[in-house]
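For reference, the chains in residue letters:
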Amino acid sequence: MLAISDVHQDNGADWYEEGEGRKLSFHLLLVTYGKCVYWVNEEKAILEKGDLLLIPGPISYYGKSIPTLVHTKYVINFRRTASECALPILQLQEPLRVRLGCFEVVQERLRTILTQYKERPSYFELMAQSLLMEALIYINQERDRGIIPSEKHRRVDSMKQYISTHYRERVTKDELGDVINTTPNYAATLFKTVTSQTISEYVHNQRIKTAIYMLTESQLMISEIADYLGYNDVSYFYRIFKRSTGRSPSDFLHERSSTV
């Protein structure tokens, strides 16, 4: 089991932090925008979007913003509640730094953990522990497969960029194969291997992120948002949304700004 002691999100260009963990404790961070710098065991590491750093205790560290650069990241401090753990990365004695292929999957788990601690619904601690373990499993699975070559990262980034401008449409593996000049099946396999998501899952996730923004920051009706995002069947949109967020689209309407 895991025990979470702190969850927060750092934002801005004026940040500084230092610490030293204890036995069985860990400092986990995932950069989601911009760049920052860490010194771990007096070794310098510049981290940018997609980079994950896991520091096992009692290793000392400190980090700070890079002048004039804004960054955001999720940070979780936690500890193992037992000395034995089947997950290899929780047995590490040295820091783990990796650029995640499954970045969006892990980011979503950490975002939800932060939401759980802010809203504190029933059993939020158990939910957060489960989500953290799930994120760590994804990280460990990727680590087991070996370092993802930069060329594969580049190809997947190209596919993500295409999706970012076409996610309201039906995106196929044939189109993505054309984007990276390869066969459709290879494109689909590469995308799944690197991101831990299918093309369809990734497209739906991009749509849901936009839906959440529109539900809270616009005056559009749910049916209008669903249609805008490519869901002709509103009931299907409800199912996808609830499966992705654990909440109904209607729940987010109450969060709309009164100034919108």
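For the structure itself, look to the data block above.
Cut-off values and rules
Residues numbered from 1 in each chain as written. Predicted model: local features only at pLDDT ≥ 70, side-chain atom pairs only at ≥ 80, totals over all residues. Heavy atoms only, no water. 1 Å grid on protein atoms, 1.4 Å probe; cavity = no way out; pocket = protein on both sides within 12 Å on 5 of 7 lines; lining within 4 Å. Points joined across faces, edges and corners; volume = space filled by probe spheres on them. Helix = DSSP H or I, 4+ residues; strand = E, 2+ residues; numbered from the N terminus. Nonpolar A, V, L, I, M, F, W, Y, C, P; charged D, E, K, R; others polar. Polar contact = N/O pair within 3.5 Å; in protein donor to acceptor, adjacent residues only side chain to side chain. Phe/Tyr/Trp six-rings, centres within 6.5 Å; stacked < 30°, edge-to-face > 60°. Buried < 20%, exposed > 50% of the residue type's maximum accessible area, 1.4 Å probe, protein only. Pairing = 2+ DSSP bridges.

*Asks:* How do you make sense of the layout of surface pockets when you look at a structure like this?
*Replies:* Think of a ball as big as a water molecule: rolled over the atoms, this probe shows where empty space is left. In this structure, the largest pocket occupies an estimated 1200 Å³ of space. Broken down by secondary-structure element, the contributors of at least two residues to the lining of the largest pocket are α1 (103–119), α2 (124–145), α6 (199–217) and α8 (234–245). Taken together, the residues that form the lining of the largest pocket break down as 11 nonpolar, 15 polar and 11 charged. In this structure, the second largest pocket spans a volume of roughly 320 Å³. Lining the second largest pocket we find 18 residues, and of these Lys49, Phe103, Glu104, Asp157 and Lys160 sit closest to its centre.

*Asks:* Got a minute to help me understand the side chain of Ser218 in this structure?
*Replies:* Inspection of the secondary structure puts Ser218 in the loop between α6 and α7 (222–228). Of the polar contacts made by the side chain of Ser218, one reaches the backbone oxygen of Met214; its length is 2.5 Å. At 3.3 Å, the side chain of Ser218 and the backbone nitrogen of Leu220 are in polar contact.

*Asks:* Would you take a moment to explain the packing of aromatic side chains for this structure?
*Replies:* In the structure shown here, the tally under the stated rule is 12 aromatic pairs. Ring centres of Trp15 and Tyr38 lie 5.6 Å apart, and the angle between their planes is 45°; on these two criteria the pair is classed as tilted. You can see Trp15 sitting in the loop between β1 (2–12) and β2 (16–20) and its partner Tyr38 sitting in strand β3 (residues 25–40), a full 23 residues away along the chain. Just as Trp15 is buried, Tyr38 falls in that class too.

*Asks:* Can you help me understand the pairing of β3 in this one?
*Replies:* Walk down a regular strand and you will see the side chains alternate between the two sheet faces. Burial within β3 is extensive, with 13 of its 16 residues counted as buried. The pairing of β3 with strand β7 (residues 71–80) spans nine bridges and is classified as antiparallel. By the bridge assignment, Leu29 is partnered in β7 with Val75. Of the strand pairs in this sheet, β3 and strand β5 (residues 51–56) are connected by five bridges, and their pairing is antiparallel. What sits directly across from His27, in β5, is Ile55. Relative to strand β4 (residues 43–48), β3 runs antiparallel, the two sharing six bridges.

These results come straight from atomic positions and should not be treated as a statement about function.
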